[in-house]
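The residues making up each chain are set out below.
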Amino acid sequence: MQRSIVTAAAQMGPIARSDTRHQVVDRLIALLHEAHKRGAELVVFPELTLTTFFPRWYLTDPSEIDVFFESSMPGPDTQRLFDEARRLGVGFYLGYAELSEEDGGRHRFNTSVLVDRAGRLVGKYRKIHLPGYDAPQPGRDSQHLEKYYFEPGNLGFPVWRTMGAVMGMCICNDRRWPETYRVLALQGVEMVLVGYNTPDDHTGNFDFDSLTGFHSQLSVQAGAYQNSIWVVATAKAGLEEGSNLIGQSMIVAPSGQVVAMATSTGDEVVTARCDLDMATLYRQTIFNLARHRQPQHYGLIVERKGPVPPPEDD
Ligand code: CDT
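All values reported here derive from a predicted model rather than from experimental measurement. (Residues numbered from 1 in each chain as written. Predicted model: local features only at pLDDT ≥ 70, side-chain atom pairs only at ≥ 80, totals over all residues. Heavy atoms only, no water.)

Engineer: Can you tell me about the overall build of the protein, naming the residues and giving the values?
Structural biologist: A count of helices and strands for the protein gives nine helices and 14 strands. Against the compact-globule benchmark of 20 Å for 314 residues, the protein has a radius of gyration of 20 Å, which places it among compact chains. In the protein, which comprises 314 residues, the share counted as buried stands at 51%. For the protein, the exposed area adds up to about 14600 Å²; of that, 53% sits on carbon and sulfur atoms. Here the protein holds 30 positive side-chain charges and 38 negative ones, and the gap between their average locations is 7 Å. (Helix = DSSP H or I, 4+ residues; strand = E, 2+ residues; numbered from the N terminus. Rg over C-alpha atoms; globule rule 2.2 N^0.38 Å. Buried < 20%, exposed > 50% of the residue type's maximum accessible area, 1.4 Å probe, protein only. Areas by Shrake-Rupley, 256 points an atom, 1.4 Å probe, with all protein chains shown as cover. Lys, Arg positive; Asp, Glu negative; His and termini not counted. Charge placed at Lys NZ, Arg CZ, Asp CG, Glu CD.)

Put into structure tokens, the structure is as follows:
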């Protein structure tokens, strides 16, 4: 019997700073209905889904910062989404800014949760690769201050057997790192869910920035193919508070092929039936990690602090 799961990438257009959680959750529920109408059993929402992408601003007043964070999930504003998803029998991935009281202190993480079709919270992931800076950079109109607002995730890259598949999560910049997919693949992941907010001026170098869409797609396709996994990557997109966020939400097969992609930079649902046996096929053949991977021959991995020194003069 074929194992498959109909999956939706539920891209969101821009969210203004003044938009309320209620307005945002209304949009999420509309996307959920659209996905369900198309047969989706699992919906992937973006990174930091509930608010505008606030790391573009340097805020110092804790009360101004706290409004972007959730101290419980589900919370008073998101309970409606959880209830509606359970009623429809649709699982989902949701990214949000998490304020956590643990180890005797307050901690802030860039987090996602995975919820199954019965509305049960299956797992939580906290973003490990935080891009940008921990202090504002002079000369930039738009900052990228994730290192200022968040701590690196402390939950590793777990996988969960749920909804008929082995699933893992990552968040935005994580998708550019081969380690992300490989650490998940070594645990048998079949489907990786990722939300993102990617400004089209994120490096400040136009030669690089003009390739932003290409690099996003390249990272997801390479991760999928080299690790035999389905990747569902969902953007927050469009012109948000003066910053252009790329769209191109996509579903990529273990073959590396893009099987669905958003064509707008607004609220948009794309779906695909993800055949999990395709992941098995690639993993049993070209990328049979147990048979073909050769870590014992890779040599000692030396982490240098700087470049390899130049040859010494005789
Ligand atoms: N949100 C996020 O991680 N965005 C980054 C772009 C910014 S890098 C300064 C990304 O990798 O898409």
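Okay, back to it.
Engineer: Can you break down the site of the ligand residue by residue, with the values?
Structural biologist: In the vicinity of the ligand, 14 residues are found, and the nearest of them are Lys 127, Cys 172, Asn 173, Arg 176 and Thr 198. Glu 47 is positioned such that a nitrogen or oxygen atom in its side chain is 3.0 Å from a nitrogen atom of the ligand. A distance of 3.0 Å separates a nitrogen atom of the ligand from a polar atom in the side chain of Glu 146. In isolation the ligand has 360 Å² of accessible area, and contact with the protein removes 94% of it. Assessed atom by atom at 2 Å from the grid points, the ligand resides in the largest pocket. Of the residues assigned to the shell around the ligand, the class counts are three nonpolar, six polar and five charged. (Near = heavy atom within 4 Å. Polar contact = N/O pair within 3.5 Å; in protein donor to acceptor, adjacent residues only side chain to side chain. 1 Å grid on protein atoms, 1.4 Å probe; cavity = no way out; pocket = protein on both sides within 12 Å on 5 of 7 lines; lining within 4 Å. Sits in = over half its atoms within 2 Å of the grid points. Nonpolar A, V, L, I, M, F, W, Y, C, P; charged D, E, K, R; others polar.)

Engineer: Give me the layout of surface pockets: which residues, what numbers.
Structural biologist: The calculated volume of the largest pocket comes to roughly 360 Å³. Every residue lining the largest pocket is counted, 19 residues in all, and those nearest its centre are Pro 131, Gly 132, Asn 173, His 202 and Thr 203. Residue classes in the lining of the largest pocket are distributed as five nonpolar, eleven polar and three charged. (Points joined across faces, edges and corners; volume = space filled by probe spheres on them.)

Engineer: Account for the packing of helix α5 (residues 178–185) against helix α7 (residues 212–227), with residues named and values stated.
Structural biologist: The N-to-C vectors of α5 and α7 enclose an angle of 30 degrees; their axes lie 10 Å apart at closest approach. When the axes of α5 and α7 are compared, the pair comes out roughly parallel. Note on packing geometry: the crossing formed by α5 with α7 is right-handed. In contact with Tyr 181, Arg 182 and Ala 185 of α5, α7 contributes Ser 219, Val 220, Gly 223, Gln 226 and Asn 227. Here the contact of α5 with α7 is built from residues that sort into three nonpolar, four polar and one charged. (Axes fitted to C-alpha atoms, helices over the stretch in contact; angles between N-to-C directions. Parallel < 35°, antiparallel > 145°, perpendicular 65-115°, else oblique. Left-handed = near helix turned anticlockwise from the far one by under 90°. Contact = heavy atoms within 4.5 Å.)

Engineer: Any details on empty space enclosed by the protein? Residues and values, ideally.
Structural biologist: What the rule picks out here adds up to one cavity of 30 Å³ or more. Estimated volume of the largest cavity: approximately 40 Å³. If you go around the largest cavity, the residues you meet are Arg 140, Ser 142, Gln 143, His 144, Pro 199, Asp 201 and His 202. Partitioned by chemical class, the residues of the lining of the largest cavity number one nonpolar, four polar and two charged.

Engineer: So what's going on with the environment of Gly 156? Residues and values would help.
Structural biologist: Within the fold, Gly 156 resides in the loop between α4 (146–149) and β6 (159–162). Taking C-alpha positions, Gly 156 is 9.9 Å from Leu 184, a pair spaced 28 residues apart along the chain.

Engineer: Help me get a handle on helix α3 (residues 79–88), residues and values and all.
Structural biologist: It helps to recall that an α-helix has 3.6 residues per turn; residues three or four apart then point in one direction. Turning to α3, its buried residues are Leu 81, Phe 82, Glu 84, Ala 85 and Leu 88. Immediately beyond the C-terminal end of α3, within one or two residues, lies Gly 89, with a positive phi of roughly 75 degrees.

Engineer: Give me the lowdown on the nonpolar core, citing residues and values where you can.
Structural biologist: Counting residues in hydrophobic clusters, the biggest one holds 43 residues, and the most contacted among them are Met 167, Met 191, Leu 193, Val 231 and Ile 251. Ranked by size, the runner-up nonpolar core spans 28 residues in total, among them Ala 8, Leu 32, Leu 81 and Val 113. (Core = buried A, V, L, I, M, F, W, Y, C linked by side-chain atoms within 4.5 Å.)

Engineer: Would you mind going over the sheet that holds β6 in detail, with residue names and values included?
Structural biologist: Strand order in the open sheet made by the six strands is β6-β7-β8-β9-β12-β13, with mixed pairing throughout. Looking at which strands have only one partner, the edges of the open sheet turn out to be β6 and β13 (258–261). Averaged over all pairs of adjacent strands, the angle between strand axes in this sheet comes to 20 degrees, irrespective of strand direction. With seven bridges connecting them, strand β8 (residues 191–197) and strand β9 (residues 230–236) associate as parallel partners. Looking across to β9, one finds that Tyr 196 is bridged to Ala 235. On the sheet, α7 packs against β8, β9, β12 (250–252) and β13 and is oriented at approximately 30 degrees with respect to β12. (Pairing = 2+ DSSP bridges.)

Functional significance is not addressed by these values, which are geometric in nature.
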